[in-house]
Structures are given as structure tokens and as C-alpha cells.
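Structural overview for review
If you want the building blocks of each chain, they are given just below.
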Amino acid sequence: LKNELGIRNAYLEANVLVLEAQRAIQSQDHQTAQQRVDAAIELAPDLPSAYLAQASLWFFDDHFRLGRVLGVLGESVAAAMRDPLSSNRLFINLLIATLLGLGLSCIVIVITQLTRISTVFFHDFHHVFPKGSTYVQTSILAVALILLPILFRLGFVITLIYWIIITWLYQSNKERLVTFFMLIYLSLAPLALQTIVMGLRLPGSKIPHFLDIVQGSALPDSIRTLERWLEQKPNDPAAMTIMANYYKRTGQLNKAKEYLENALRLQPDSPEIANNLGNILFLLDNVDQSIRLYDQAAKIRPDLTIPFFNLSRAFYKKMDLNRGKQYHSHAYQLNPDLVRLLSEKAKTRKINDVVADLPMPHSWWLSENIVEEENLDIARSISHMWKDWGGFGRAESFPFIGGGFVIVLGIVAALRRRIRISGVCIKCGRPVCRRCNTELYDDLVCGQCFHAFIQKDQVDAKSKISKEIQIRQYVRRRENIARAINFVIPGVGQLIKERPIRGALFITVFCLTVMQVFLAPGVIPDSRNLAISFDWITLVPMFALLLTFYAWAIMNIFRMDM
């Protein structure tokens, strides 16, 4: 009945079969489970949960034959990509998790850098004030300066960029490379907001009803929705084509012909409409007119196989065997597998298989109906989201503002030499300040280490030993902190030990995976896969990636020299 009515996906029935298959797997009745899974895949070839149930069944049957399990998992991904709702859900959920994960990694990296340079920053900030100021007073003011964007609620993006400017003064070249990529992310992230807003709107729009008519069982509510839409927008060729497809499937060929003729007048360069109108005329025994439309579709898109196949069918019906064979051979050269499949279907002489329809491209009608003015103002939504998240400027113009911040960083780097920024002692971690110790040669060691180990004048042996003990305690303390915190957030230890690129990589992968797991099953729920509670399509590879990088980060921190 499904094939007779031209229904591609019977989602409800397939979900019921998947649930029964899961119960059969739990009761160890694998034969029944396999039967249910096979039926579910046949009823809904675009239902990812049916393939996931198949993968689960095969995994329980044989844990070591992972090749076929991975193969059917790939089929589940392909099924999700074929369905606009499922593919939109996967893409938007992944995009949101990626943006939030990258944002979380930026927060971790910048806060780690701020913590690492805090002592030096407080020391330099103390030099800004008169000599009578105490270190405690200036340190409190320095903390207030760091927290300034939070106190004024300037937004996540501006706060991070503000902290980046502070840390930029004290960074090495490798750390600045990481910072540059973070700034690119912060500048370009607003461009994803429009895609996210439109993707979030998709499940609540009329698109699911249209898809139910095109690929599903065309529920009465979906038909009424499409009829109301055509009353509001009578010149929408995509909606006309969808309605014509429904009338053809139900045998109302004259109504289908009327809708497709109107659609072709509005969209004369569409090979899909021309071909499908030709099919209606073919079924109404107007073969000459169908040949003209098939030829029109073939001229618009000579790379399409189906119009040439339909031409062969039309000429065979007219008993023009030579031309029928000619067009059949041409179609076979374009796509032999498709021609063999269409020929087998045509032998059944079913109304939907005698001649082949061209599927309507999703992009042709999908984008036209997402934005409905009465339900959602996209621009206003983006503005509100950016105000809460960015806190400055407009989302569409912020990439240019981000470019301005790059110029600011260049100016700050040029001024660094003039304002004599302190460094961090490579031995004991204390500030290296040439304003406090004018005799220092460079920014590598502090005054105490300089006198104790380089100049070695007027420093007794006891002081040198005491300094050596302090250095060893500092190195051991830093090592222990780096190793301990790496078990919690892999990559932070590498940042502490001044391996910025490797540390940023570990932190980014960790944050992306954590955010993906935290947001499972996603911001947009899965309305198709009623039998699957978790999004294993994305979670399984994410878990594998997390474990790989987590183990790598832990082993790496222990192998690094103290």
C-alpha cells in the first residue's frame, strides 16, 4: 500500500516497529527484532533510528564485527541528510554546540592566561601609581580593572576581547598565534546567528507539513495547512507543485495537471515542473504533449537522466521503437543503475512508477517558507541574541569591529617596548622588572636570581641555597598544579607549562565534546526518531574523540620535563 500510494516514509509505523525491535532485543529474540528492523527500514528509508536499531542488533549479535556496524551507522547519517528536518536538526544542534564549545574553550584559555600573568600584571599596575601607594591597594584596583566589563555587563564577547588585550602584553609569539585565532572566532561568530535563528524556526514553520505531503503519508492537517498557504500565496510555484504531487498520488490527475500548469507558467525554467507535468499528461494519454514537456526538461538540464528515460517510455507507447531505443540508450549512458531501477518499477504499471517524477530540490521551496512575518522577525531575534551575547555593536557589522580590535592588538604590541612591561622569571616565577632592577641585562631572570646565579657578587652561600630551595619548590608546585588540573580540564596544564598551541588544541577538543554531550539530545528535539532518546550519530564519535585527546593530554603532561 505504501508503494502503491507513492509514500516514501511512513514515520509513525516505522517508529512503532523500531520500539518493538528494541523490546525484542532486550528479550533476546533477535529473529523477531531483525524482522521488525527490516520492516521499519522498508517503511521509512529516511528514518535514522531504524538504522541505529539495526546497528544495535548487529552489535549484540557479534561484538567484533564492527565493520558492518559502522557501515549501518553511516547509513543512518545518510538517512538523516536526506530528510531536511533531520539534517537541519543535526546541523543546527552541531553549530550551536560548536559555537558554545569554542566559546567555553576561549574562556578557559583566557582565564588561564590571566591567572598565569596576574602577578606580573599586578606588579606593573603598581608602578602606575605614586610611590606612596601600597601593593594591596593597587592590587584591588587591578582586580576591579579586570572585572570592569563584567560589572558594566558589556557582554561575553567584549569581556573576552578586553581580557585578550590585557594578556596580549605578556604573551609569547606562540600564545599570540592562539589569541589571534580566538579573536577570529569572536569576530565571525555573529555571522552564524542568522543561520541558527532560521534553523530553530524550521520545526515550527509550515515546512514539516509540506514534507509530510512530499515524503510522508499526507495527513489531513498537513493538507489543510497547504491549502491555507495557497490561499495566502496563490503564486507560490513550489506549493503548487507539492499539491500537484499529492493529487497525482491520490489519482486526481486533472487537479494535478491544473496546479502544475500554473506552476510552470510561474517557473518556466524548472525541469522538475516540466517533467512532472509531462508525466500527468502521459497518464492522461496526451502523449504528444508529454513528449514536448520531457524534451523541454531535457534541454534545460541535459545532464538529468529521468527526462530521457520518460522520453523513451513515451515513444515506446507511440510504438516509435527506434526513437524509444535511442532515448533509452542515452539515459542508460547517463546513469545505468538508475535506468535499471526505473525500468523495474515501470514493469509494475503502478500510477506512480510508469513514468518517473523528478524530485523537487529542497532548496527551491525550503528557504521560501521558513521566515513567516506573522510569527517571527528574524532581524529582531538576531538583534536580541547579540545584545545578550555580544553586548556591543550589531551582529552583521561586528566582524568589522573585530578587525578593528586586531589593529588595537598591533598598537599594543608596538607600545609594549616603550612602556617596559615586566616578564616572568624562568627560574622562580617572580616578576622581572627592569625598573626595580636597572642592572638586569634582559627579561629572563628576576633581580634575586640575577645576583644569586649570574652576577654572584655579595651573596653568601646561605642565601644562594635558600634561593635554590625556593626555585625547586616553585618548579615542583607548578608541576603538581599542571598535572592535577590536567585531569579536570586537559590542556590547561600545557598552558601553565607554556605549551600554548598544544594546550589550546586539547582544551578546544575537550570543550567541544563536553558541550556536545551536555546539549544532547540537542536544542532542537528529534521529532522523527521517537524511539531514540539519545543522538548516537554525533555522541559516539564525540566520545571516541574525547577519550583519545584526554589520554593524549594526560600522557603528554607527565612526559614533559619539569
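Residues numbered from 1 in each chain as written. Predicted model: local features only at pLDDT ≥ 70, side-chain atom pairs only at ≥ 80, totals over all residues. Heavy atoms only, no water.

Let us look at the overall build of the chain. The helix and strand tally for the chain stands at 27 helices and 2 strands. Computed over the C-alpha atoms, the radius of gyration of the chain is 33 Å, more than 25% above the 24 Å expected from 2.2 N^0.38 for a compact globule of 562 residues. By principal-axis analysis of the C-alpha atoms, the chain measures approximately 115 × 55 × 45 Å. Of all 562 residues assigned to the chain, the portion counted as buried reaches 46%. (Helix = DSSP H or I, 4+ residues; strand = E, 2+ residues; numbered from the N terminus. Rg over C-alpha atoms; globule rule 2.2 N^0.38 Å. Buried < 20%, exposed > 50% of the residue type's maximum accessible area, 1.4 Å probe, protein only.)

Averaged over all residues, the pLDDT of the chain equals 84, while 93% of them reach at least 70. Mean pLDDT values over the elements of the chain span from 58, in helix 20 (residues 362-370), up to 94, in helix 16 (residues 287-300). (pLDDT = per-residue confidence, 0-100.)

Our focus in this paragraph is unusual backbone geometry. Located in the positive-phi region is R153, a residue other than glycine, with phi close to 50°. Here R153 is to be found in the loop between helix 7 (148-151) and helix 8 (156-168).

This part takes up a nonpolar patch on the surface. On the surface, a nonpolar cluster with roughly 690 Å² of combined accessible area is contributed by L177, F180, F181, I184, L188, L191, V406 and I501. It is helix 9 (residues 173-188) that contributes the most residues to the nonpolar patch, 5 residues altogether. Locating F181 in the fold gives a position in helix 9. (Patch = residues over 30% accessible without salt bridge, like charges linked within 9 Å, V, L, I, M, F, W, Y side chains within 5 Å. Areas by Shrake-Rupley, 256 points an atom, 1.4 Å probe, with all protein chains shown as cover. Salt bridge = Lys/Arg side-chain N within 4 Å of Asp/Glu carboxyl O.)

A few words on the environment of G503. Within the secondary structure layout, G503 lies in helix 26 (residues 500-518). Relative accessible area serves as the criterion here: at 0%, G503 is assigned to the buried category. On a C-alpha basis, the gap between G503 and V492 in space is 6.0 Å, while along the polypeptide they are 11 residues apart. If we skip the residues at most four places from it in the chain, G503 touches G491, Q494 and L495. (Contact = heavy atoms within 4.5 Å.)

The end-to-end C-alpha distance of helix 9 is 23 Å, a good match for the 22 Å that 16 residues give at a rise of 1.5 Å each. Within the sequence span of helix 9, burial applies to E175, R176, V178, T179, M182, L183, Y185, L186 and S187. (Expected span 1.5 Å × (residues − 1).)

A separate point is the packing of aromatic side chains. As enumerated under the stated definition, the model contains 13 aromatic pairs in all. Consider the rings of F180 and F181, whose centres lie 6.3 Å apart with planes at 70°: the pair is edge-to-face. On the basis of relative accessible area, F180 is assigned to the partly exposed category, the value being 38%. Residue class for F181 comes out exposed when judged on its relative accessible area of 52%. With 5.8 Å between their ring centres and 15° between their planes, Y247 and Y259 make a pair best called stacked. (Phe/Tyr/Trp six-rings, centres within 6.5 Å; stacked < 30°, edge-to-face > 60°.)

Turning next to the packing of helix 4 (residues 66-82) against helix 5 (residues 84-128). Across the interface, helix 4 lies against helix 5 with an axial gap of 5 Å and an inter-helix angle of 110°. When the interaxial angle is binned, helix 4 and helix 5 end up roughly perpendicular. Residues A80, M81 and R82 of helix 4 form the contact with helix 5, whose own contacting residues are P84, S86, S87 and L90. Tallied by class, residues from the contact of helix 4 with helix 5 come to 4 nonpolar, 2 polar and 1 charged. (Axes fitted to C-alpha atoms, helices over the stretch in contact; angles between N-to-C directions. Parallel < 35°, antiparallel > 145°, perpendicular 65-115°, else oblique. Nonpolar A, V, L, I, M, F, W, Y, C, P; charged D, E, K, R; others polar.)

This part covers the pattern of salt bridges. One pass over the structure, following the stated rule, counts 18 salt bridges. In this structure, the salt-bridge partner of E498 is R116, at a minimum N-O distance of 3.7 Å. Here E498 is found in the loop between helix 25 (492-496) and helix 26, whereas its partner R116 is found in helix 5, with 382 residues between them in sequence. Since its relative accessible area comes to 44%, E498 is described here as partly exposed. E344 serves as the salt-bridge partner of K347, at 3.5 Å between the closest nitrogen and oxygen. The exposure class assigned to K347 is exposed, which follows from its relative accessible area of 60%. Among the ionic contacts, a cluster of salt bridges with common partners joins R8, D46 and R82.

So, about the environment of P431. Residue position: P431 is located in strand 2 (residues 431-432). Residue class for P431 comes out buried when judged on its relative accessible area of 17%. Each C-alpha atom of the pair P431 and T119 lies 7.0 Å from the other, and the pair is 312 residues apart in sequence. In contact with P431, other than residues within four places in its own chain, are T119, V120, H123, G423 and C446.

As a further point, take the packing of helix 5 against helix 9. When two helices pack together, their arrangement is given by the angle between their axes and by how far apart the axes lie. Helix 9 packs onto helix 5 with a crossing angle of 145° between their chain directions and a minimal axis gap of 11 Å. In terms of crossing hand, the pair formed by helix 5 and helix 9 is left-handed. Contacts from L99, L102, G103, C106, I109, V110, Q113 and R116 in helix 5 reach E175, V178, T179, M182 and Y185 in helix 9. For the contact of helix 5 with helix 9, a count of residues per class yields 8 nonpolar, 3 polar and 2 charged. (Left-handed = near helix turned anticlockwise from the far one by under 90°.)

In this structure, Q448 sits in helix 23 (residues 447-455). Here the alpha-carbon distance between Q448 and R430, two residues 18 residues apart in the chain, equals 9.2 Å. For Q448, the residues in contact, after removing those within four places along its chain, are R430, K467 and Q470.

A few words now on the state of the cysteines. Under the definition given, this model contains 0 disulfides. With no disulfide of its own, C449 has C446 as its nearest cysteine by sulfur position, at a separation of 3.7 Å. Classification of C449 as buried rests on a relative accessible area of 1%. (Disulfide = S-S within 2.5 Å.)

Glancing now at the side chain of S105. Here S105 lies in helix 5. Once residues lying within four places of it in the same chain are set aside, the contact partners of S105 are I507, T508 and C511.

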